[in-house]
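A structural walkthrough
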Amino acid sequence: MSLAFSIVDREPQPVISIQTRTSMRDLPEVILQSLAKVGQTLEGHGLQPDGPAFVAYYNLDMHDMQVEIGFPVAKADLRDGEVQLRIIPGGPAGICEYIGPYQELATVYQQLSAYVESQGREPTGISYEFYLNDPSGTPPNELETHIVFPLVQSATSIVGRPPGNGRIHTLF
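Here is a short report on the structure shown in this document. (Residues numbered from 1 in each chain as written. Predicted model: local features only at pLDDT ≥ 70, side-chain atom pairs only at ≥ 80, totals over all residues. Heavy atoms only, no water.)

Digging into the pattern of salt bridges
- Across all of its chains, the model carries three salt bridges by this definition.
- D64 is the partner of R21 in a salt bridge, and the nearest nitrogen-oxygen pair spans 3.0 Å. Here R21, found in strand β2 (residues 13–22), pairs with D64, found in the loop between β3 (53–57) and β4 (65–72); they are 43 residues apart in sequence, far enough to count as distant.
- Exposure remark for R21: the relative accessible area of 46% places this residue in the partly exposed category. (Salt bridge = Lys/Arg side-chain N within 4 Å of Asp/Glu carboxyl O. Helix = DSSP H or I, 4+ residues; strand = E, 2+ residues; numbered from the N terminus. Buried < 20%, exposed > 50% of the residue type's maximum accessible area, 1.4 Å probe, protein only.)

Structure below.
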């Protein structure tokens, strides 16, 4: 297992994706079906992915997970049934570049959470996994995954925000 942690400022990223709900048990099949649908839609519109496949996790309810599955794209205007153009917001994010089996991702999440906390930052609660190689042809110990935790903006990084807690304005 190989891990590298960092805090970065990400640019907004257009994606073509499907948002759905699933259980953890059904997640692998839902990911495969969704990526196939998104891939067919891209191909049908003459578009190519602009990066690796991803899954966004909006909650971690193992029985009713809200997920988004798709590919980054260059700016495109596309609506095709359940496949939609969306934007992954930019801003600060904790990143883990991980090489190893998917079965170890829960441990990686814990380590990324600890790293983010050690940097004095707070995750928004959404996480993204970007899959850099194909698990069907890659040995588990060589799978490359980037885990992204968008972070709450710190008061010092919000441009134009007055000093203070936002409720009481500083007079001097």
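Focus on helix α2 (residues 105–118)
- The end-to-end C-alpha distance of α2 is 20 Å, a good match for the 20 Å that 14 residues give at a rise of 1.5 Å each.
- On its buried face, α2 is in contact with β1 (2–10), β3, β7 (91–99), β8 (127–131) and β9 (144–150).
- Where α2 ends, the next residue or the one after it, G120, has phi of about 75 degrees, a positive value. (Expected span 1.5 Å × (residues − 1). Contact = heavy atoms within 4.5 Å.)

Some thoughts on the nonpolar core
- Membership of the largest hydrophobic core comes to 29 residues, with the highest contact counts inside it found for Y57 and I147.
- Contributions of two or more residues to this core are made by β2, α1 (27–44), β3, β4, β7, α2 and β9.
- In this view, I147 contacts G94, I95, C96, Y98, L105, V108, Y109, L112, Y128 and E129; residues no more than four positions away in its chain are not counted.
- Listed in part, the nine residues of the second largest apolar core include F54, A93, Y128 and V148. (Core = buried A, V, L, I, M, F, W, Y, C linked by side-chain atoms within 4.5 Å.)

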